[in-house]
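Structure at a glance
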Amino acid sequence: MNTLKGFSAPIVTGVVLFGLWEGVLTLLNPQGFVLPAPSEIVGALIDNWDEVYQGARITGFVVGSGLIAGIILGILAALLVTRFRTANETITPLAVAVNAIPIIALAPIFNNWFGLTSPRSNQAIVVALVFFPIFINTTRGLTQVDRSQIELMESYAASRSRITREVRIPNAMPFFFTALKLATSLAVIAAIVAEYFGGRQDALGPMITQSAGLTRYDEAWAAVLAGTAIGAVLYFAVIVLERVAMPWHSLIRAQEGET
Amino acid sequence: MSEESAVSEAMSTGEAESQLVIDIRGATKVFNPGRSNQVEALAEIDLAVEPGEFITLIGPSGCGKSTLLRLIASLIPPSSGSVQVNAKPAEQARLDRDYGMAFQTAGLFDWRSVTKNIELPLELMGWSKGDRRRRAAEMLELVKLSEFAKHHPSELSGGMQQRVAIARALAFSPSLLLMDEPFGALDEMTREHMQDELLRIWKETETTVVFVTHSIPEAVYLSTRVVVMSPRPGTIASTISVDLGDRSAATRDDPAFFKKVTEVRIALREVEG
Ligand SMILES: Nc1ncnc2c1ncn2[C@@H]1O[C@H](COP(=O)(O)OP(=O)(O)OP(=O)(O)O)[C@@H](O)[C@H]1O
Ligand SMILES: [Mg+2]
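Residue indices begin from 1 for each chain and proceed along its sequence in written order. In the order they appear in the text, chains get letters beginning with A and ligands get numbers beginning with 1. With the structure being a predicted model, the display of local features is reserved for residues of pLDDT at least 70 and the display and counting of side-chain atom pairs for 80 or more, all residues being used for whole-chain, interface and lining totals. Heavy atoms throughout the structure, all of them, feed into the side-chain values; hydrogens and water do not.

Residue and element names in this part refer to chain B. Strands sit in the order 6-7-8-3-9-10 across an open sheet of 6 strands; the sheet is mixed. Across the chains shown, the open sheet's two edge strands, defined by having one partner strand only, are strand 6 (99-102) and strand 10 (236-241). Taken over all neighbouring pairs, the strand axes of this sheet differ in orientation by 15° on average, direction set aside. Strands are labelled as partners when DSSP assigns at least two bridges between them. Counting from the N terminus, the helices are the DSSP runs of H or I reaching at least four residues and the strands are the DSSP runs of E reaching at least two. As paired strands, strand 3 (residues 54-58) and strand 8 (residues 208-212) are joined by 4 bridges and run parallel to one another. Note on geometry: axes are C-alpha line fits, over the in-contact stretch for helices, and angles between N-to-C directions span 0 to 180 degrees.

Written as structure tokens, this is what we have:
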């Protein structure tokens, strides 16, 4: 119910925006040159469905596999680092510093490492990009725990792993999901931009550069639309996962008057 | 319950007179020693608590009451001196789960329902699901929150949360109860009701209680002994025995009660200087 309500507003906004876009373009730019109208983009999408679908599958796989690997590595690293206090105090600031590197800028270098036409380099970019925010935020969530909650568990002589399970992990969930929402949108951007520089030539990234190079803007936009769809599907999946994983959290947000 | 606890029960009844529940000798606590933010919280505390006593700690804010309670609970070690609980090092008593604790802040888990919060210590002690459910329901009845069993803490008021925390502390009937201003967030009527309930439980279960409060009447009403602490670094300035017999509504209007209240007030005024 709530989930549906949360999505109806952006859908309505989207429909209105596309309507405006279409209307303004038909009035001012009948050639549909630099910015094609939505109807033309949809037309190009239908005409080139097989290529776009294939490209979306390839890019989607890069995004999905990179996300999953980045999430798993990020969580494991966070658990490991919080297990040892000194590790946390040395590695976490380092990770924050490394995170400041614009990882997407490394795409040409990664291509050299993994081979120009291998999707591995694109995957590696996504993994690196997802890893750091997940790692840093989850570590924060695992360590920034109410002191009396830890003391309470210690007063019950609870083991370390029990404290991690009962207190630290639930406490880290909101931190993790905040990072994950950020990471999913970044992952799509990163995958497509990385594909500009190499990887499989039938992915969405090359499709955009090639179509734009041939001034077939409607096809380029069709590929962008496919990338947007990947991002939207992932974002929706994350929101659903968040509600399932933290039913108590929506209670708190509802109370604070957020939707 | 296990063989082990039956043995320790037999032991404690056998040596009831001689064995102190809490035995603190020359305990001090310095936080962050040698650093710029060093705080000398406690200086030379000696305190002996007999089985069945109800001790309240009272003193100005920041004098180290919570710190003293944490020492007894072995949540922090003393900087020097020794803390014994049930004739063993406090650490061992903690590992043996000899005490239950209610903290100054409720410290409930948002991700657990009210019932699940109360069941937490029972889960850790390996109670069966049915037993846990039954006990949690009893405790909720006691703190008058039965209809909120399935709610989450974020849906409760501060006072209600504190009552859940009290229910959780009492759930496994520990022989020693450590309570840090547990009634601070309650309205006057609920507070008096909880005081009477706590006294009833204390008497029925023959537990020993160490209770921190800022309220002089509360200290006098509840305790067998009021321990007055001086400002930082905290020391025990004086100890006032309270012998008012069985408490009831009438106790609160008893001249003997007011006399004790005045006595504690004077002692507090002296330490605050
Ligand atoms: N973990 C800690 N690290 C550093 N200093 C601490 C720590 N815990 C307590 N202190 C300091 O020790 C002193 C005593 O604190 P404590 O919490 O025991 O006081 P209190 O008597 O319980 O006060 P209140 O009545 O306000 O709860 C304070 O000056 C406090 O700043
Ligand atoms: Mg305190």
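Following the structure, the description resumes.
Residues and elements named next belong to chain B. Each metal's donors are the N, O and S atoms within 2.8 Å of it, or within 3.2 Å when it is Na, K or Ca, and because water is not part of the set, sites may look incomplete. Within the protein, the atoms that donate to the magnesium ion (ligand 2) are Ser-66 (OG) and Gln-104 (OE1), at distances of 1.9 to 2.4 Å. Of this pair, Ser-66 sits in helix 2 (residues 65-72) while Gln-104 sits in the loop between strand 6 and helix 4 (114-124); the two residues are 38 residues apart in sequence, bridging distant segments of the chain. With relative accessibility at 41%, the residue Gln-104 sits in the partly exposed group. Categorising residues by exposure relies on relative accessible area from a 1.4 Å probe, with only protein chains included: less than 20% of the type maximum marks a residue as buried, more than 50% marks it as exposed, and the intermediate range marks it as partly exposed.

Attention shifts here to the site of ligand 1. Nearness is judged by heavy atoms alone; a residue qualifies as near a molecule or strand once a single heavy atom is within 4 Å of it. Close to ligand 1 lie 16 residues; Ser61(B), Gly62(B), Lys65(B), Ser66(B) and Thr67(B) are nearest. Each of chains A and B places residues near ligand 1. Side-chain polar atom of Ser66(B) to an oxygen atom of ligand 1: 2.7 Å apart, as the coordinates give it. Of all the secondary-structure elements, those providing two or more residues to the shell around ligand 1 are strand 2 (39-49) and helix 2 of chain B. At 3 residues, helix 2 of chain B tops the list of elements feeding residues into the shell around ligand 1. Residue composition of the shell around ligand 1, by class: 4 nonpolar, 8 polar and 4 charged. Counting of polar contacts relies on pairs of N or O atoms within 3.5 Å, with two restrictions inside protein: one atom must be capable of donating a hydrogen and the other of accepting it, and residues adjacent in sequence are counted only when both atoms are side-chain atoms. The nonpolar class holds Ala, Val, Leu, Ile, Met, Phe, Trp, Tyr, Cys and Pro. Asp, Glu, Lys and Arg form the charged class, and all remaining residues, Gly among them, are polar.

It is worth spelling out the domain arrangement of chain B at this point. Many authors give the size of an interface as the accessible area that is lost as the parts come together. Residue and element names in this part refer to chain B. Domain boundaries in chain B define domain 1 (2-98 + 174-272) and domain 2 (105-173). Placing the centre of domain 1 and that of domain 2 at their C-alpha centroids yields a distance of 24 Å. The contact definition used throughout considers only heavy atoms, calling two residues in contact when any of these lie within 4.5 Å. At the interface, 15 residues of domain 1 touch 14 residues of domain 2. Using a 1.4 Å probe, buried area is obtained as the accessible area two parts lose upon being combined, added over both of them. Carbon and sulfur atoms supply 75% of the area buried between domain 1 and domain 2, which totals about 1200 Å² over both sides. Taken as a group, Arg-97, Pro-174 and Met-194 account for 40% of the area that domain 1 buries against domain 2, more than any other trio of residues on that side. For this document, the term salt bridge refers to a Lys or Arg side-chain nitrogen within 4 Å of an Asp or Glu carboxyl oxygen. Counting every contact that joins domain 1 to domain 2 gives 0 salt bridges. Counting across the interface, domain 1 meets domain 2 through 3 residue pairs in polar contact (both at pLDDT 80 or more). Of all the secondary-structure elements, those providing two or more residues to the side of domain 1 that touches domain 2 are strand 7 (176-180) and helix 7 (188-205). At 6 residues, helix 7 tops the list of elements feeding residues into the side of domain 1 that touches domain 2. Each residue belonging to the side of domain 1 that touches domain 2 can be placed in one class, and the counts come to 9 nonpolar, 3 polar and 3 charged. The domain boundaries here were taken from an automatic or database domain assignment.

Once that is clear, we can look at the interface of chain A and chain B. Contact with chain A, which involves 20 residues of that partner, is made by 25 residues of chain B. Buried area between chain A and chain B, summed over both chains or domains, comes out near 2200 Å², and the portion from carbon and sulfur atoms is 60%. At the junction of chain A with chain B, the criterion picks out 3 salt bridges. The partner of Arg112(B) in a salt bridge is Glu166(A), with the nearest N and O atoms 2.7 Å apart.

Residue and element names in this part refer to chain B. Throughout, the protein atoms alone are placed on a 1 Å grid, and a set of points is a cavity if a 1.4 Å probe fits but cannot get out or a pocket if it is open with protein on both sides within 12 Å along at least five of seven lines; lining residues have an atom within 4 Å of a point. Grid points are joined across faces, edges and corners, and a volume is the space filled by probe spheres set on the points. Counted according to the given criterion, the structure contains 1 cavity of 30 Å³ or more. When its volume is computed, the largest cavity comes out at roughly 30 Å³. In terms of lining residues, the largest cavity is bounded by Leu-142, Ile-166, Leu-170, Phe-183, Met-194, Glu-197, Leu-198 and Ile-201. Broken down by secondary-structure element, the contributors of at least two residues to the lining of the largest cavity are helix 6 (158-170) and helix 7. Ranked by residue count, the leading element in the lining of the largest cavity is helix 7, at 4 residues. Of the residues in the lining of the largest cavity, the class split is 7 nonpolar, no polar and 1 charged.

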